[in-house]
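Fold and contact review
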Amino acid sequence: MSGRGGDVGNGQSDDDHELRVTKIRNGTVIDHVSGGLALTVLGVLGIDGSAGEVVSVGMNVPSDRLGRKDVLKIEKRELTQNEVDVLSLIAPEATINIVREYEVAGKHRVDRPEEVSGVLSCPNPDCITAGNEPVASTFDVLDEGVRCVYCETILGTDQADLIDHVDIG
Ligand SMILES: [Zn+2]
């Protein structure tokens with residue numbers, strides 16, 4: 001884990017698996033990410049630390065539900081709906097907690113939507129969404145992967161392939 005200095009000391013114990021990383025005041029906690037996927041999630045969200053974001057990451061934390069999980073705490077940042085949609089595709093088990101003044105203000109599982117729009121680029125160079133037309137990419141979400149509604153190209157049966165095509169404006 002990479003906690004920051006100045007733990008706020010809000011009574012969390014070392015055996016608290018849910019919150020073993022420093023609590024945050026305002027921001028987003030993404031919990032129940034499959035073990036080892038935390039850096040991928042950060043990459044998808046465009047968080048690399050260069051903007052001075054304060055981020056704590058717990059990797060391979062024991063989890064009753066997943067065996068092991070990653071936990072990300074991103075300060076002063078709430079996710080957009082597009083970002084939540086992308087997370088629903090690459091980390092379907094995740095839970096997202098919005099934290100305000102140290103309290104969880106909202107907690108929800110990411111719902112796998114029926115379609116996603118404007119968050120993935122179509123791999124087909126001849127697709128109408130790949131040109132200069134002002135057409136937002138839209139994909140139907142299948143049980144496995146997603147399908148472009150314009151050219152029916154299937155994407156994401158391989159998760160790495162999906163991640164390569166994430167394109168959050
Ligand atoms: Zn397409």
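Our subject is the structure that appears above.
Attention here is on the structure that accompanies the text. Since we're looking at a predicted model, the values are computed, not measured.

Details of the sheet that holds strand E9 (residues 154-155)
The four strands lie next to each other as E6-E7-E8-E9, forming an open sheet whose pairing is antiparallel. With one partner strand each, in any of the chains shown, strand E6 (115-117) and E9 form the two edges of the open sheet. Here strand E8 (residues 146-148) pairs with E9 via two bridges, running antiparallel. When the bridges of E9 are listed, Val146 appears paired with Leu155.

Looking at the sheet that holds strand E2 (residues 55-63)
Overall, antiparallel pairing links the five strands, which are arranged E2-E3-E1-E4-E5 in an open sheet. Lying at the two open borders of the sheet, with one neighbouring strand each, are E2 and strand E5 (103-109). Neighbour to neighbour, the strand axes of the sheet diverge by 20° on average, direction disregarded. As defined by bridge partners, strand E1 (residues 27-34) adjoins strand E4 (residues 95-100) across five bridges and the pair is classed as antiparallel. Pairing of Thr28 across the sheet is with Ile98, part of E4.

Cut-offs used in this document
- Residues numbered from 1 in each chain as written.
- Predicted model: local features only at pLDDT ≥ 70, side-chain atom pairs only at ≥ 80, totals over all residues.
- Pairing = 2+ DSSP bridges.
- Helix = DSSP H or I, 4+ residues; strand = E, 2+ residues; numbered from the N terminus.
- Axes fitted to C-alpha atoms, helices over the stretch in contact; angles between N-to-C directions.

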